[in-house]
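Observations on chain architecture
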Amino acid sequence: MKIFTLSVLSLCISYAASFSPGNVAVTKPQSRAGWKPCFAHPTADSNDKVGDHVSDSITASGSTRRNFMSVAFSSAGVLVLPSLSLADDRSTKVLVLGGTGLVGSRVVGILNGMGVATVATSRDGRDGTVAVDFAQLSDSDLRSKVAELAKDCTAVISCVGAIGTGNDELVNAGTGIAAVAAKEAGVGQFVYLTVAPEVKEFAKDFDFLKGYIAGKSYSRETVMSTFPKATLIEPTFIYGGDEFKVNPPRVAGFYGEFIEGLLGSAPVRAVEGVMLEGFFKIALEPPVSADAVASAAVAGALGKSPNILDTHDKIKNASKLLL
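To keep things clear, this report deals only with the structure shown in the data block. This structure is a prediction, so every number in the text was calculated from the model and none was measured.

**A short note on the overall build of the protein chain**
A count of helical and extended segments in the protein chain gives 11 helices and 11 strands. A buried classification covers 54% of the 323 residues belonging to the protein chain. Carbon together with sulfur atoms contributes 56% to the accessible area of the protein chain, which is approximately 14,000 Å² in total.

Here is the structure:
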């Protein structure tokens, strides 16, 4: 168990960065050595893409992914079921951002299997997807591209994420820009794969994760302000695939399934129920399979799931709504 809890900590923080329920102040991220802070205004003679700044406001607070002002918000923690019909007068069509990753590829597979019209993106356009590189596009270019792809879509699912790169903050904040673009395109529902609040809270003091957390936090706030009934999927740890990897962190399906069964047993769940917040509660929360997360995401896009899926059980239950 000790070995597992340590491995869970190192892996689950890779999915970190969503706001925890309650009143939480969002602060402007600190700059990182060697590059400009993503949310800072560029100098007058700056022309690099990381420093590009979109002057027009994308939210009521006037924030962009590179100009992230302090904003306070609260969450009542109440599950609200969206309408089961996204758009009665339009055929269902879904845009999947990050459609070739561990979860995104499964989302695309489920939608295709259901006969749902699907458009998927990836960083380099592989496997028949549209190339949309969140690290290379300016705010305005990303916004325009997503708005173009989201035209006539009833929902957008974002599975985009990056960790351990020089552009963690920029890439992970891109979903916020995408949400604004989707709203402008007339999209009715938005689904965002982020991470459990307790993981974000625990990981915030790790310097190497600050950019990642800042980007994810910005996207979560922007998604919720733009789509109040968006579906947020917030697991502590996702497993799947056939191999173990360090970067990106990955645990093979057979091992993750075993651990899910172990931590999902009655005795362990009883201990977890009385655990204080923090590392041990995170470590004892059962991991969830990429297949279940993908199914929950599709259920959210179809308007069938609750809005906030922030525990193993909520995600698993939402995944069964497609059955």
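Past the structure itself, the notes keep going.
**Considerations on the nonpolar core**
If you look at the biggest cluster of nonpolar residues, it comprises 30 residues, and the most contacted ones within it are L95, V156 and F190. Within the residue set of this core, elements represented by two or more residues are β3 (93–97), α3 (139–150), α4 (168–184), β7 (189–193) and α6 (210–226). Here the element with the most residues in this core is α4; it accounts for seven residues. With near-sequence residues (within four places) excluded, L95 lies in contact with V119, T121, V146, L149, A150, C153, A155, V156 and I157. Core analysis: the next-biggest nonpolar cluster, separate from the first, contains 29 residues, A120, A155, I157 and A296 among them.

**As for the packing of aromatic side chains**
Counting across every chain of the model gives two aromatic pairs. Measuring from centroid to centroid gives 6.1 Å for F206 and F208, while their planes differ by 75°, and the two rings are edge-to-face. Judged by its relative accessible area of 56%, F208 is exposed. The residue whose ring lies beneath K183 is F227, and the NZ or CZ to ring-centre distance is 4.9 Å.

**Some remarks on the sheet that holds strand β11 (residues 308–309)**
Within the open sheet, the seven strands sit side by side as β5-β4-β3-β6-β7-β8-β11. Their pairing is parallel. Strand pairing shows two members of the sheet lacking a second neighbour, β5 (130–131) and β11, which therefore form its edges. Note that β3 and strand β6 (residues 155–158) share four bridges and pair parallel. Residue pairing in the sheet places V94 in a bridge with A155 of β6. Along the sheet, helix α10 (residues 290–301) contacts β6, β7, β8 (231–233) and β11; its crossing angle with β7, the most-contacted strand, is approximately 160°.

**Points about the pairing of β7**
Counting buried positions over the five residues of β7 gives five, a clear majority of the element. Here β7 shows a buried face lined by Q189, V191 and L193 and a second buried face lined by F190 and Y192. In terms of strand pairing, β6 meets β7 through four bridges, oriented parallel. If you follow V156 over to β7, its bridge partner there is F190. Taken together, β6, α4 and β7 form a β-α-β motif whose crossover is right-handed. Of the strand pairs in this sheet, β7 and β8 are connected by three bridges, and their pairing is parallel.

**Overview of the environment of A230**
For A230, the position within the fold is in the loop between α6 and β8. Residue classification places A230 among the buried residues on the basis of a relative accessible area of 0%. The sequence separation of A230 and A179 amounts to 51 residues, and the corresponding C-alpha distance is 9.8 Å. Residues in contact with A230, not counting those within four places in the same chain, are Q189, F190, V223, M224 and N307.

**Quick notes on the packing of helix α2 (residues 104–113) against α10**
Viewed as axis vectors pointing N to C, α2 and α10 meet at an angle of 55°, and their least axial separation amounts to 8 Å. By the angle between their directions, the pair α2 and α10 is classed as oblique. Crossing handedness for the pair α2 and α10: right-handed. Residues R106, V107, I110 and L111 of α2 pack against A290, D291, A294, S295, A297 and V298 of α10. Of the residues in the contact of α2 with α10, the class split is seven nonpolar, one polar and two charged.

**Digging into the packing of α4 against α6**
Orientation of α4 relative to α6, taken along the N-to-C sense of each, is 10°, at an axis distance of 6 Å. By the angle between their axes, α4 is roughly parallel relative to α6. Residue-level contacts link D168, E169, N172, A173, G174, T175, G176, I177, A179, V180 and K183 of α4 to G211, Y212, A214, G215, K216, Y218, S219, T222, V223 and T226 of α6. Looking at side-chain class alone, the contact of α4 with α6 contains eight nonpolar, nine polar and four charged residues.

Each value, and the rule that gives it
Residues numbered from 1 in each chain as written. Predicted model: local features only at pLDDT ≥ 70, side-chain atom pairs only at ≥ 80, totals over all residues. Heavy atoms only, no water. Helix = DSSP H or I, 4+ residues; strand = E, 2+ residues; numbered from the N terminus. Buried < 20%, exposed > 50% of the residue type's maximum accessible area, 1.4 Å probe, protein only. Areas by Shrake-Rupley, 256 points an atom, 1.4 Å probe, with all protein chains shown as cover. Core = buried A, V, L, I, M, F, W, Y, C linked by side-chain atoms within 4.5 Å. Contact = heavy atoms within 4.5 Å. Phe/Tyr/Trp six-rings, centres within 6.5 Å; stacked < 30°, edge-to-face > 60°. Lys NZ or Arg CZ within 6 Å of the ring centre and 35° of its normal. Pairing = 2+ DSSP bridges. Axes fitted to C-alpha atoms, helices over the stretch in contact; angles between N-to-C directions. Right-handed = clockwise from strand over helix to strand, strands pointing away. Parallel < 35°, antiparallel > 145°, perpendicular 65-115°, else oblique. Left-handed = near helix turned anticlockwise from the far one by under 90°. Nonpolar A, V, L, I, M, F, W, Y, C, P; charged D, E, K, R; others polar.

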